[in-house]
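# Descriptive analysis of the structure
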Amino acid sequence: MAEGLQPQVGQSLLFLTDEQLRKGIEAMFFAYRGFTADPDRILAQKGYGRAHHRAIHFIHRSPGTTVNNLLSILGVTKQSLNRVLRTLIEDGLVESTVGTRDKRERHLHLTAEGATLERALSDAQRDRMRAAYRAAGPAAVAGFRQVLEAMMDEETRHHYEAMKDKTE
């Protein structure tokens, strides 16, 4: 358990002090900075940011996903996503095809070059997660996942569960 989060004798985790919660919040901020550092360096070489990374990640996870589905997963504006997708398509990383049943739909797939970038980004994050999980141990990993899932709102949890179903 992270320093500062261990309960005092007789104190339940349900009754954390504001100071203990603040330390947890700060740990989350710094962990996120570490988690994104390696991908950020890779993305910067191409002039991309985290929005590009998120789009690439979820297109990889759901090949053929629609633009509307990606909008829902990412929770961004259509204008913001269109800017990101336009760049990725122009740079040859994402391919957009017209739907066969509904011509208004655009289905998204990574190209071979897009898949290569996705693999580099994911490998960097998997390496960091694997090392952290090994250091923390199985019980901490399960607890960490429970905490993250408990922080999700209902819509986010729906998308998360749908992604989990694809790998089980």
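Okay, so let's go over this structure. Source: prediction; values computed, not measured.

## Description of the overall build of the protein
Helix and strand content of the protein: 7 helices and 3 strands. Listing the helices and strands of the protein from first to last along the sequence gives α-α-β-α-α-β-β-α-α-α. Considering the protein as a whole, with its 168 residues, one finds that 26% of them fall into the buried category. Nonlocal contacts in the protein, meaning residues at least 24 apart in sequence, comprise 47% of its contacts between residues at least 6 apart. Of the roughly 11,400 Å² of accessible surface on the protein, 56% is carried by carbon and sulfur atoms.

## Some words on the nonpolar core
Grouped together as the largest cluster of nonpolar side chains are 21 residues, with contacts concentrated most on I59, L70, L81, L85, L88 and L108. Elements that contribute at least two residues to this core include exactly α2 (50-61), α3 (67-74), α4 (78-90), β3 (106-110) and α5 (112-136). When residues in this core are grouped by element, the largest group, 5 residues, is from α3. Look past the residues within four positions of L85 in its chain and what remains in contact with it is I59, V67, L70 and L108.

## Here's the deal with the pattern of salt bridges
One pass over the structure, following the stated rule, counts 7 salt bridges. As a salt-bridge pair, R41 and D38 come within 2.3 Å of each other at their nearest N and O atoms. Of this pair, R41 and D38 are both found in helix α1 (residues 18-44), 3 residues apart, which corresponds to roughly one turn of the helix. One salt bridge connects D38 with R128, and the closest N-O pair in it is separated by 3.4 Å. With D38 in helix α1 and R128 in helix α5, the pair connects residues that are 90 residues apart, well separated along the chain. In this structure D38 comes out as partly exposed when scored by relative accessible area, which is 22%. The class of R128 is partly exposed, set by a relative accessible area of 36%. Connected through shared salt-bridge partners, E19, R22 and E26 make up one network.

## Overview of the sheet that holds strand β1 (residues 65-66)
Strands sit in the order β1-β3-β2 across an open sheet of 3 strands; the sheet is antiparallel. With partners counted over all chains shown, the strands left at the sheet margins are β1 and β2 (94-98), one partner each. Note: β2 against β3, 5 bridges, orientation antiparallel. Note that in β3 the partner of S96 across the bridge is L108.

## Quick word on the packing of α2 against α4
α4 packs onto α2 with a crossing angle of 70° between their chain directions and a minimal axis gap of 10 Å. One way to sum up the angle between α2 and α4 is to call them roughly perpendicular. Across the interface between the two elements, A51, H52, A55, I56 and I59 of α2 pack against V84, L85, T87 and L88 of α4. Here the contact of α2 with α4 is built from residues that sort into 7 nonpolar, 2 polar and no charged.

## Considering the pairing of β3
Note: β1 against β3, 2 bridges, orientation antiparallel. Each bridged residue has a counterpart across the sheet, and for T65 the counterpart in β3 is L108.

So, how was this worked out
Residues numbered from 1 in each chain as written. Predicted model: local features only at pLDDT ≥ 70, side-chain atom pairs only at ≥ 80, totals over all residues. Heavy atoms only, no water. Helix = DSSP H or I, 4+ residues; strand = E, 2+ residues; numbered from the N terminus. Buried < 20%, exposed > 50% of the residue type's maximum accessible area, 1.4 Å probe, protein only. Contact = heavy atoms within 4.5 Å. Areas by Shrake-Rupley, 256 points an atom, 1.4 Å probe, with all protein chains shown as cover. Core = buried A, V, L, I, M, F, W, Y, C linked by side-chain atoms within 4.5 Å. Salt bridge = Lys/Arg side-chain N within 4 Å of Asp/Glu carboxyl O. Pairing = 2+ DSSP bridges. Axes fitted to C-alpha atoms, helices over the stretch in contact; angles between N-to-C directions. Parallel < 35°, antiparallel > 145°, perpendicular 65-115°, else oblique. Nonpolar A, V, L, I, M, F, W, Y, C, P; charged D, E, K, R; others polar.

Everything listed is a geometric property; what it means functionally is a separate question.
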